[in-house]
There are 4 protein chains.
Amino acid sequence: MEINRRSYVPLHIQLADILRRRIRAGDLAAGSTLPTEHQLATTYGISRDSVRKALAVLRSEGVVMTTRGEGTRVRAVPERRRIALGPGDEVVIRMPTPEERAEIGIDEGVPLAVISRPGEPDEIVPADEVKFTGGGAPQ
Amino acid sequence: MEINRRSYVPLHIQLADILRRRIRAGDLAAGSTLPTEHQLATTYGISRDSVRKALAVLRSEGVVMTTRGEGTRVRAVPERRRIALGPGDEVVIRMPTPEERAEIGIDEGVPLAVISRPGEPDEIVPADEVKFTGGGAPQ
Amino acid sequence: MEINRRSYVPLHIQLADILRRRIRAGDLAAGSTLPTEHQLATTYGISRDSVRKALAVLRSEGVVMTTRGEGTRVRAVPERRRIALGPGDEVVIRMPTPEERAEIGIDEGVPLAVISRPGEPDEIVPADEVKFTGGGAPQ
Amino acid sequence: MEINRRSYVPLHIQLADILRRRIRAGDLAAGSTLPTEHQLATTYGISRDSVRKALAVLRSEGVVMTTRGEGTRVRAVPERRRIALGPGDEVVIRMPTPEERAEIGIDEGVPLAVISRPGEPDEIVPADEVKFTGGGAPQ
DNA sequence: GTGGTCTAGACCACG
DNA sequence: GTGGTCTAGACCACG
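The rules behind each value
Residues numbered from 1 in each chain as written. Chains lettered and ligands numbered in written order. Predicted model: local features only at pLDDT ≥ 70, side-chain atom pairs only at ≥ 80, totals over all residues. Heavy atoms only, no water. Helix = DSSP H or I, 4+ residues; strand = E, 2+ residues; numbered from the N terminus. Rg over C-alpha atoms; globule rule 2.2 N^0.38 Å. Buried < 20%, exposed > 50% of the residue type's maximum accessible area, 1.4 Å probe, protein only. Contact = heavy atoms within 4.5 Å. Areas by Shrake-Rupley, 256 points an atom, 1.4 Å probe, with all protein chains shown as cover. Lys, Arg positive; Asp, Glu negative; His and termini not counted. Charge placed at Lys NZ, Arg CZ, Asp CG, Glu CD. Buried area = accessible area lost by both parts, 1.4 Å probe. Salt bridge = Lys/Arg side-chain N within 4 Å of Asp/Glu carboxyl O. Near = heavy atom within 4 Å. Polar contact = N/O pair within 3.5 Å; in protein donor to acceptor, adjacent residues only side chain to side chain. Nonpolar A, V, L, I, M, F, W, Y, C, P; charged D, E, K, R; others polar. Least-squares fit on C-alpha atoms with pLDDT ≥ 70 in both. Arc of directions from axis to C-beta. Pairing = 2+ DSSP bridges. Axes fitted to C-alpha atoms, helices over the stretch in contact; angles between N-to-C directions. Expected span 1.5 Å × (residues − 1). UniProt positions renumbered as here; feature names shortened; annotations may be inferred.

J.: Would you mind going over the overall build of chain A with me for this structure?
T.: Across its full length, chain A holds 4 helices and 7 strands. For chain A, the α and β elements follow one another from N to C terminus as α-α-α-β-β-β-β-α-β-β-β. Relative to the 2.2 N^0.38 estimate, which gives 14 Å for 139 residues, the radius of gyration of chain A is 19 Å and therefore markedly larger than a compact globule would have. Dimensions of chain A, computed from C-alpha atoms along their principal axes, come out at roughly 60 × 30 × 30 Å. Buried positions account for 42% of the 139 residues belonging to chain A. Excluding contacts between residues fewer than 6 apart, the proportion of contacts in chain A whose partners are at least 24 apart in sequence is 52%. Of the roughly 7300 Å² of accessible surface on chain A, 48% is carried by carbon and sulfur atoms. On chain A, the mean spot of the 20 positive side-chain charges and the mean spot of the 20 negative ones are 8 Å from each other.

J.: What am I meant to see in the interface of chain A and chain B here?
T.: The partner chain B presents 30 residues to the 28 residues of chain A that form the contact. Both faces considered, chain A and chain B share a buried interface measuring about 2200 Å² in area, 54% of it formed by carbon and sulfur atoms. The largest share of the area that chain A buries against chain B comes from Ile93(A), Met95(A) and Phe132(A), three residues that together contribute 23% of it. Run the count over chain A and chain B and you get 5 salt bridges.

J.: Is there a simple way to think about the protein's contact with DNA strand E in this case?
T.: By nearness alone, 19 residues border DNA strand E, and Arg5(C), Leu11(C), Ser47(C), Ser50(C) and Arg48(D) come closest of all. Considering the 4 Å shell around the protein, atoms of DNA strand E inside it are sugar or phosphate in 76% of instances. A distance of 3.4 Å separates a sugar or linking oxygen of DNA strand E from a polar atom in the side chain of Arg68(C). Going through the elements one at a time, α1 (11–24) and α3 (48–60) of chain C together with α3 (48–60) of chain D are the ones with two or more residues in the surface near DNA strand E. When residues in the surface near DNA strand E are grouped by element, the largest group, 3 residues, is from α3(C). Here the residues of the surface near DNA strand E sort into 3 nonpolar, 7 polar and 9 charged.

J.: How do you make sense of the relation of the copies chain A and chain B when you look at a structure like this?
T.: The two chain copies are related to each other by a rotation about an axis together with a translation along it. Take chain A, turn it by 179 degrees, move it 0.0 Å along the axis, and it overlays chain B with an RMSD of 0.2 Å. Expressed as a symmetry operation, the mapping of one chain copy onto the other fits a two-fold axis. Every residue of chain A has its C-alpha some distance from the rotation axis, and the shortest such distance is that of Gly134(A), at 2.2 Å. Taken as a fraction of all interface residues of chain A, those also at the interface in chain B reach 100%, which identifies the copy contact as same-surface.

J.: Is there a simple way to think about helix α2 (residues 37–44) of chain C in this case?
T.: Residues and elements named next belong to chain C. Along α2, the residues classified as buried are Glu37, Leu40, Ala41 and Tyr44. The buried residues of α2 occupy an angular sector of 100 degrees when projected down its axis, which confines them to one face. Away from the buried face of α2 by more than 90 degrees, exposed residues His38, Thr42 and Thr43 are located. Of the residues flanking the end of α2, it is glycine 45, one or two places downstream, whose phi is positive at about 70 degrees.

J.: Whenever I open this one, the protein's contact with DNA strand F confuses me. Can you help?
T.: In the vicinity of DNA strand F there are 33 residues, among which Arg5(A), Leu11(A), Leu11(D), Ser47(D) and Ser50(D) approach most closely. The contact atoms of DNA strand F, taken as those within 4 Å of the protein, divide so that sugar and phosphate hold 80%. The contact in question runs from a phosphate oxygen of DNA strand F to an N or O atom on the side chain of Ser50(A), over 3.4 Å. Within the contact set of DNA strand F, a phosphate oxygen lies 2.7 Å away from a side-chain nitrogen or oxygen of Arg52(C). Top element by residues in the surface near DNA strand F is α3(D). It accounts for 3 residues. Tallied by class, the residues present in the surface near DNA strand F amount to 5 nonpolar, 14 polar and 14 charged.

J.: I tried to follow the sheet that holds strand β7 (residues 130–133) of chain C on my own but got confused; where do I start?
T.: Strand pairing in a sheet takes place through backbone hydrogen bonds and is either antiparallel or parallel in direction. The strand order across the open sheet formed by 5 strands is β3(C)-β7(C)-β4(D)-β5(D)-β6(D), and the pairing between neighbours is mixed. The open sheet is flanked by β3 (81–84) of chain C together with β6 (123–126) of chain D, the only strands paired with a single partner. On average, each strand axis in the sheet is inclined to that of its neighbour by 30 degrees, with strand direction left out of account. Bridging between β3(C) and β7(C) involves 4 bridges; their strand directions are parallel. Bridged to Ile83(C) within β7(C) is Phe132(C).

J.: Where do I start with the pattern of salt bridges in this structure?
T.: Where side chains of opposite charge bring their charged atoms close, a pairing between them can arise. All told, the structure shown has 55 salt bridges over all chains when counted by the stated rule. Ionic pairing is found between Arg81(A) and Glu123(A), a salt bridge with its closest N-O pair at 3.8 Å. In this pair, Arg81(A) is assigned in strand β3 (residues 81–84) and Glu123(A) in strand β6 (residues 123–126), connecting sequence segments 42 residues apart. Arg81(A) gets classed as partly exposed once you look at its relative accessible area, which sits at 42%. The class for Glu123(A) is partly exposed, based on a relative accessible area of 34%. One salt-bridge network, held together by shared partners, links Arg75(B), Asp107(B), Asp128(B) and Arg6(C).

J.: Looking at this model, I keep getting lost on helix α3 (residues 48–60) of chain A. Mind explaining?
T.: Side chains that are three or four residues apart share a direction in an α-helix, a result of its 3.6 residues per turn. Residue and element names in this part refer to chain A. For α3, which comprises 13 residues, the first-to-last C-alpha distance of 18 Å matches the rise-based estimate of 18 Å (1.5 Å per residue) to within 8%. Residues of α3 that are buried include every one of Ser50, Val51, Ala54, Leu55, Leu58 and Arg59, and no others. Tucked inside the fold, the buried residues of α3 contact α1 (11–24), α2 (37–44), β1 (64–67) and β2 (71–74). Backbone geometry just downstream of α3 places glycine 62 in the positive-phi region, at approximately 75 degrees.

J.: When you look at the UniProt feature "domain: HTH gntR-type" (unreviewed entry) in chain A in this model, what are you seeing that I'm missing?
T.: In the numbering used here, UniProt assigns the feature "domain: HTH gntR-type" (unreviewed entry) to residues 9–77 of chain A. Between the first and last C-alpha atoms of residues 9–77 of chain A the distance is 28 Å; the span itself is 51% helix and 12% strand.

J.: Help me out: how do you make sense of the side chain of Asp89(A) in this one?
T.: Following the sequence through the fold, Asp89(A) ends up in the loop between β3 and β4 (90–94). Under the relative-accessibility criterion, Asp89(A) is labelled buried at 1%.

J.: Quick question: what am I supposed to make of the sheet that holds β4(A) here?
T.: Ordered by their spatial adjacency, 5 strands build an open sheet running β6(A)-β5(A)-β4(A)-β7(B)-β3(B), and the pairing between neighbours is mixed. Only two strands of the sheet have a single neighbouring strand rather than two, namely β6 of chain A together with β3 (81–84) of chain B. If you compare each strand with its neighbour and ignore which way they point, the axes differ by 30 degrees on average.

Next up, the structure:
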């Protein structure tokens, strides 16, 4: 699993692929911190800039999370709690605006679920913390 | 609505904010083409690189879509078709892997809905084309 | 075997790959004429310019041969005649200069073999028409 | 040594000729970097596209080598090591497939020598790094 | 700031 | 009607 400079695949995409695979394989465990950008650059023989782009890709996928001054960690995928939808309920999925991200405290690369129930204000939750099912109480 | 060089907010984030607002306001209509990267750079007095970063932000939000050689267009948000969930059905939302993106032909910044119904193979759809409701037929 | 616009592989490289495979498979036989540039562009849904680049790639590999006003044909690979090298003989391979190409009447993408035998003038032959072996008469 | 727009010789061929001559004359030394595409376009009063085509010609001849983000350099022709062929040995020259190019790490415009010796697996080497002679040990 | 890809569209040369 | 040349101009990847 190495960088191939003759490939048409951009270096940062190659690195993102490698890291994604290492994460899936458990080699980089959920919650663990990735090597520093500098280390990754040295290890894989690419520029730090390409490393940063690779991490941005993984962030936008919700795979890792970067905290300034601390590093990049593998996002621990939360347990999903079940939400039952009744006949009149409606759920729409979309990406958050940056303001919503800040407000709700949602990580980059995590979609939003907007749950509308008749007679109630909309509820907005990070879509990776829930799963939806039918069979909720009818209104 | 201008770039403020004294602000701590990065220039590309400022530009992304400005463009997002112009899009919401209808100043940049759905389906319309944004000014070229070069024009945006000149108009707002920032580097083309910052412009590119701003566009990457909007792409990852599913707000715009870039086609090589053609330009960047405001994504037309599709009509959402309604999907009713029965008691045993389950929906999980997540971001697609790059392979899924390629396979399903899904734009950047668009989440995925995985619909599991008992006795049927999982169905995977772009989450911005659907909305979910309860009251589906029980299995 | 289709063009994948989401791939990082350039369109013209993808088309070159497709055509190379069709040629190897015998679907496009040696000596046969390829579809016109326009037809290829329409068939594969890319611009004529990308088609032209794909053909240039195949030409530089000696796989096809283009004649103005006639079209592009699959090169018939010639039988290779055997040349035996003696102890003092020497063979150097290189790409021809354009003048040599014109002079010797050699197709694009075909290397040149320069055979030096003691006491004789150098012999220059298209390298795809010969194969070399040892065991030639010593000088 | 200038571009002649009245000539029937295509502009990019004229430029390729000019650059080839400058390289042969040592004006552009082996290993040195050519002017940027933009500079060449300005210097010779042609479009960047014609410049790019001229460089593609020189690349396919193995005369120059382009590295993305760095520029185009005059290829340093390597020393050729001598390979002696015995009576049963056989050498065939051909252009590499793109996969072989990637695998062997061979530059564009460099032919391949396939050396078959009885009882041994084929050996594949860049043809510009070797020269062949007879008089090898018989098998 | 480097080279790379892609497109559209103009006109040219050849058979 | 074939392929060939040439340009302008867009975005992309990398350092």
